[in-house]
Every structure is written in C-alpha cells, then in structure tokens.
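# Summary of structural features
Chain by chain, the residues:
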Amino acid sequence: MLSGLPWFHKVTLLYLTNFQTTVTLPFFNADMTLRRAPTSQAEVKQDEYIDVIIRSFQSRDSHVVRTIFAESMGEMRVPFVYDVMRQAILYGLLLLLPAGLLNQVWPFWSFKLYIAVLIALLIALFVALHIGFSRYIQTCLHTDLDNVESTYLCQEKSHMWVAELDKKIIGMVALVPLDDHEVSFGKPRETVGRLRRMAVLPEFRRLGVARKLLDELLNYARKIGYEQVILLTTSAQQAALRFYPKHGFQLVSKRLANRALRGFYHYVYCYDLERRNKVS
C-alpha cells in the first residue's frame, strides 16, 4: 500500500495513524461522531461525575458513612422545627380571641398572663425540639450505624452500598427486611424490603448519584426475591418527597409522626418490583 511513496511520506502516514488511535479528540465521541456541547452548568457537572462507582460497604467506610448521615440529618433540623413551631404558634394565636373574652368576664384572668405563658411554652417547645432531634441523631449513630456489618451485611436479605468518586465516599443507601411492627401493605412480610439511610453529600446532589444508588438497591432487591421495597420519609425532607415519586415509588401512607408534633408528617412510599418486572 505504501510502496512507491517517498520515505518521508511513509513516516508521516504512520505517525498520523498512530496519533489517531492513541489520542481522544475533545469534541468527538469514541465513534468519531460530533459530541453535543453541554447546555448548562448542571450538564457540565453531570459529565464530571459520570464515573461514580457504587460498591458494597466496607469496614473502612464506617466513619465516613456516619459523617454523611449526621450531615444529611442535620439539614432536616430547621424544616422539622419550623413545621412543628408553625403549627404551635397558629394554635396559640387561635386561642387569643377566647382568652381576650375570658379576660372580660373573669376578673381574675389576665390576658397579659396568657401571652407570657404562651411565649414561655413556645420557647420550651423550641428548645425541646432541638434537644430531641439531636438525641435522635445520636441514637441512630449508636445503633445500626455503630455496627454496619452486623446490621446490614450479616443479616439475611440486607445490604449497604456506598457511592465513591475518586476514592471519596459521597453517598450511601441500605436495604433491610421489614421489622415485626412495620406494615407490609398486603404482601407477605418476607417479600418486602425497606430502603434506609439514603444520603448524598450536598455538593454532589442533582448529579444522578442517588439514582445510581437506588438502581443498585432495586436490582439487588429483585435478585434476592423481594417483591416490594418500601421507605419512610418525612415532611421535613422535601427533596425526598420529589425524588421517590419521580423514580417509580407510590405514596401509600401519610400520617402525623406524633400526635404531639402537629405539622410533622411521615410518608411511606412503595416500589412494586413485581409489577415493574411484568412491565419490563
């Protein structure tokens, strides 16, 4: 093929051939088709984090997993306190009118006393909510997250995964069987798993990391025989309330988390693996 060409032409052709096979051109895909330019900053970031690895939890990940959980739960504190305090203040304001009327007909009653008591109760509630929330986080850190191996890796039909980017853990999720007190929504209990501890570091959100974690969990759940996966989230986790319905979960229950905590709700979502298998 190269016969009859001067030697310097042969060298040039061989160099260009080698160059083409070893260098990736920045504006072309692997098949040499033109690569579409990113249209937003989010797309640029998405392209940067496309190599996120989803792998099983290892013992060396324990400290990072606990940190991610504590940070993600800490973000719930403000909306949780806000929801409960808003309802408490509303009830207090609704009682202003009867308190004022009572002040007119009962001389021993003081409207100013009512206002002082209301403010004191609201302050006490505010402090109690913060203390209770901090204790909840510490309880979680000293139960299942204190010994992930025995809770998620040694239990039958349980597992935990982490998302890793450049050797840095940026997210996590776990799967466990239902507890005895949890509702299975008409399915045999052994066929229903529960998603727990889904969390992604704030700076790596909206990049598809949670979706990759969720896909890994659902594929594993299907493989080991689960027919449904349920999860519990709260009114303080607005991102979760948008994320799960978008990815096939159906809302099956909404209830007050506690009768004393008006304004704070628990949401239970369900993913039907059996139905999805038939569709696919």
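To start, this report covers the structure provided alongside it. (Residues numbered from 1 in each chain as written. Predicted model: local features only at pLDDT ≥ 70, side-chain atom pairs only at ≥ 80, totals over all residues. Heavy atoms only, no water.)

What follows is about the overall build of the protein. When you go through the protein residue by residue, the secondary structure sums to 10 helices and 7 strands. Counting only residues that meet the buried cut, the protein has 36% of its 280 residues in that class. As presented, the protein carries roughly 17700 Å² of accessible surface, and 60% of it is formed by carbon and sulfur atoms. (Helix = DSSP H or I, 4+ residues; strand = E, 2+ residues; numbered from the N terminus. Buried < 20%, exposed > 50% of the residue type's maximum accessible area, 1.4 Å probe, protein only. Areas by Shrake-Rupley, 256 points an atom, 1.4 Å probe, with all protein chains shown as cover.)

Tracing the chain through its elements places Ile 137 in helix 6 (residues 111-141). With residues near it in sequence (within four places) discarded, Ile 137 still touches Phe 69, Ala 70, Met 73, Gly 74 and Arg 77. (Contact = heavy atoms within 4.5 Å.)

On to the environment of Ala 70. By the element assignment, Ala 70 lies in helix 3 (residues 62-74). Sequence separation of Ala 70 and Ile 137 is 67 residues, and the distance between their C-alpha atoms is 6.7 Å. Not counting residues within four places of it along the chain, the set of residues in contact with Ala 70 comprises Ile 137 and Leu 141.

So, about unusual backbone geometry. One non-glycine residue, Arg 197, adopts positive backbone phi at about 55°. Take Arg 197: it is sitting in strand 4 (residues 192-200). Judged by its relative accessible area of 13%, Arg 197 is buried.

Working definition: the strands of a sheet are paired by backbone hydrogen bonds and lie parallel or antiparallel to each other. An order of 1-2-3-4-5-7-6 is seen for the 7 strands of this open sheet, with the pairing classed as mixed. In this open sheet, the two edge strands, each paired with only one partner strand, are strand 1 (53-56) and strand 6 (250-256). Going across the sheet, the axis of each strand differs from the next one's by a mean of 25°, ignoring polarity. With 3 bridges joining them, strand 4 and strand 5 (residues 228-234) adopt parallel strand pairing. Pairing of Arg 194 across the sheet is with Ile 230, part of strand 5. Along the sheet, helix 3 makes contact with strand 2 (159-165), strand 3 (168-177) and strand 4, crossing strand 3 at roughly 85°. The sheet strands contacting helix 9 (residues 238-246) are strand 4, strand 5 and strand 7 (265-272), and the helix crosses strand 5 at an angle near 160°. (Pairing = 2+ DSSP bridges. Axes fitted to C-alpha atoms, helices over the stretch in contact; angles between N-to-C directions.)

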